[in-house]
Structures are given as structure tokens and as C-alpha cells.
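Each chain is listed here by its residues.
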Amino acid sequence: GLDAYTKPNLQPRAAGPSKGSTNLRVTCRFDYQPDICKDYKETGYCGYGDSCKFLHDRGDYKTGWQLEEEWEEEQKKKRARAVLQAAADALNSDTEEGEDEEEDENQFLIKEEADGLPFSCLICRNPFIDPVSTRCRHYFCESCAIAHYTKDPRCAVCKENTYGIFNVANDIIKKSKRINQLKSKKKKNKKSNINQKHEHEHEHEHEHEHEH
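Residues numbered from 1 in each chain as written. Predicted model: local features only at pLDDT ≥ 70, side-chain atom pairs only at ≥ 80, totals over all residues. Heavy atoms only, no water.

## Comments concerning the overall build of the protein
Note the threshold: Numbering of helices and strands starts at the N terminus; helices are DSSP runs of H or I of at least 4 residues and strands are runs of E of at least 2. The classification of residues rests on relative accessible area computed with a 1.4 Å probe and restricted to protein chains. Under 20% of the type maximum is buried, over 50% is exposed, and intermediate values are partly exposed. For the area figures, the Shrake-Rupley method with a 1.4 Å probe applies, and any residue is considered shielded solely by the protein chains shown.
When its secondary structure is counted, the protein shows five helices and five strands. Across the 212 residues that make up the protein, the buried fraction comes to 16%. About 18000 Å² of surface is accessible on the protein, with carbon and sulfur atoms providing 51% of the total.

## Some words on the confidence of the model for the protein
The cut-off we apply is this: pLDDT expresses how confident the predictor is about each individual residue, on a scale running from 0 to 100. Contacts: residue pairs with any heavy atoms within 4.5 Å of one another.
When the pLDDT values of the protein are averaged, the result is 76; 72% of them are 70 or greater. The low-confidence segment residues 95–103 (pLDDT under 50) makes four contacts with residues lying over four places distant or belonging to another chain.

## Let's talk about the packing of aromatic side chains
In plain terms, the rule: Within 6.5 Å between ring centres, the rings of Phe, Tyr and Trp (the latter by its six-membered ring) count as paired, and their orientation is classed by plane angle as stacked under 30 degrees, edge-to-face over 60, tilted in between.
If you walk through the whole model with that rule in mind, you get one aromatic pair. With a centroid separation of 6.0 Å and 85° between ring planes, the pair formed by Y149 and F166 is classed as edge-to-face. Of this pair, Y149 sits in helix α4 (residues 142–151) while F166 sits in the loop between α4 and β5 (167–168), placing them 17 residues apart in sequence.

## Concerning a negative patch on the surface
Going by this rule: Distance thresholds for patches are 9 Å for like charges and 5 Å for nonpolar side chains (Val, Leu, Ile, Met, Phe, Trp, Tyr), applied to residues having over 30% relative accessible area and no salt bridge. One side-chain nitrogen of Lys or Arg within 4 Å of one carboxyl oxygen of Asp or Glu is enough to make a salt bridge. We score Asp and Glu as negative and Lys and Arg as positive, and we do not count His or the chain ends. Note that the charge is assigned to NZ on lysines, CZ on arginines, CG on aspartates and CD on glutamates.
A grouping of E68, E69, E72 and E73 is seen on the molecular surface, where their side chains present a negatively charged patch. Positionally, E69 belongs in helix α3 (residues 64–91).

## Considerations on the pattern of salt bridges
Two side chains that carry opposite charge are able to pair once their charged atoms sit near each other. A full pass over the atoms with the stated rule returns six salt bridges. Among the ionic pairs, E42 bridges to R125, the shortest N-O distance being 2.7 Å. With E42 in helix α2 (residues 38–43) and R125 in the loop between β2 (109–110) and β3 (131–133), this residue pair connects regions lying 83 residues apart in the sequence. Overall, the relative accessible area of 29% leaves E42 in the partly exposed class. Look at the salt bridges and you will find they share partners, linking D39, E42 and R125 into a network.

Structure representation (C-alpha cells):
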């Protein structure tokens, strides 16, 4: 009644921190690149096109832990080269010191293909699974395209009528196969380099054993 408005509740507040809400979830996201267009970076497509005020850059730069990891790996290689160089100097005093590698201004840039094709679905923003393309040349996962078509027959990007036509995106499939082949080649080259390094170290160990 009237007492609820004229007489405030003067009950003492319970001690200790207040209990957090159970129906709310607080999330925090730090944007370290506020000048980059997130749609173009995550999907390779931006609806604003050239009129977008943000920078269209799909390049991904290495973070601090990646730089530290590469620096430690480079230091290990330098120490291994120093050991091999010292062993070679003991056998032959006429060896020449190798020149230091020149630093490249783009050594911290992770290169990507600039063919204009998106690398993830424009709906779920995850890597393509059975990619398809619409008549307006927009690319989606097959399941995402069908699920969206049941709700809206128009394209999820440009709102053009798709008429239920979804073609197999052969160019996306070729691109993913090419990327997988390059990754497998890099892995094989890395393994062969490691094996050659181990064989070289074993040869020097055997040479030292024969000398003693």
C-alpha cells in the first residue's frame, strides 16, 4: 500500500559480495586491430565493397609467443651450427664463416593467396564443408545454404533471389586441395631437413670417436 512508498526498507544489507546473476554471461573481446574490416578478414567478403571505411586486409601477423618460439628455435640452430663449426675448424683451419642472413621486411607476415575467393562460409564463418555457390557468386556450406533457404529464399549476402539453385563450388574445392598439398609438402620438407641434420650430427660423432 502507501507504506511501500512512504517508509523505505531499512533492513541491513547482508555482509559479503553480492551473488552474480545466473541468467547473464559476461564476455569480453579485445580488438587489437580496430582499423581492419572484420567481415573481410574472417570471410574474405565485405558487402560494402570499395566504399568500406575499414581496411581490407586478410594478412595475419605473428603474435608475441610465435615470435619468441621462432627466436628460440633460431638460437638452437645457431648453437648447433656453432658446435659443427668448431668441430670442422678442429679438422680444417681454412673454413670460412657463413654470412648472417639478411632480415626481410615481410618476415613476420603469414602469406596467403590473394585470388579473391573466400576461405570460410559467409554464414557460419567456419571452413567450408561441401562448398556451394549461388547464381550471384556467393559461397556457403551446403548445409548452411539449405538451412538459410528454408527460412529465406534470397541470398544471405546480397538478398538476391536464389531460386533454390546451388552449384558445386569447384574453384573453392580446387583451392582447398591446393592448400592441403602445399601443407603436406612443407611437412615432408621439414621432416627431411630434420633427418639430414641428425645424420650430419651422427657422422661428426663417429668421426670424433675414431679420432680418440
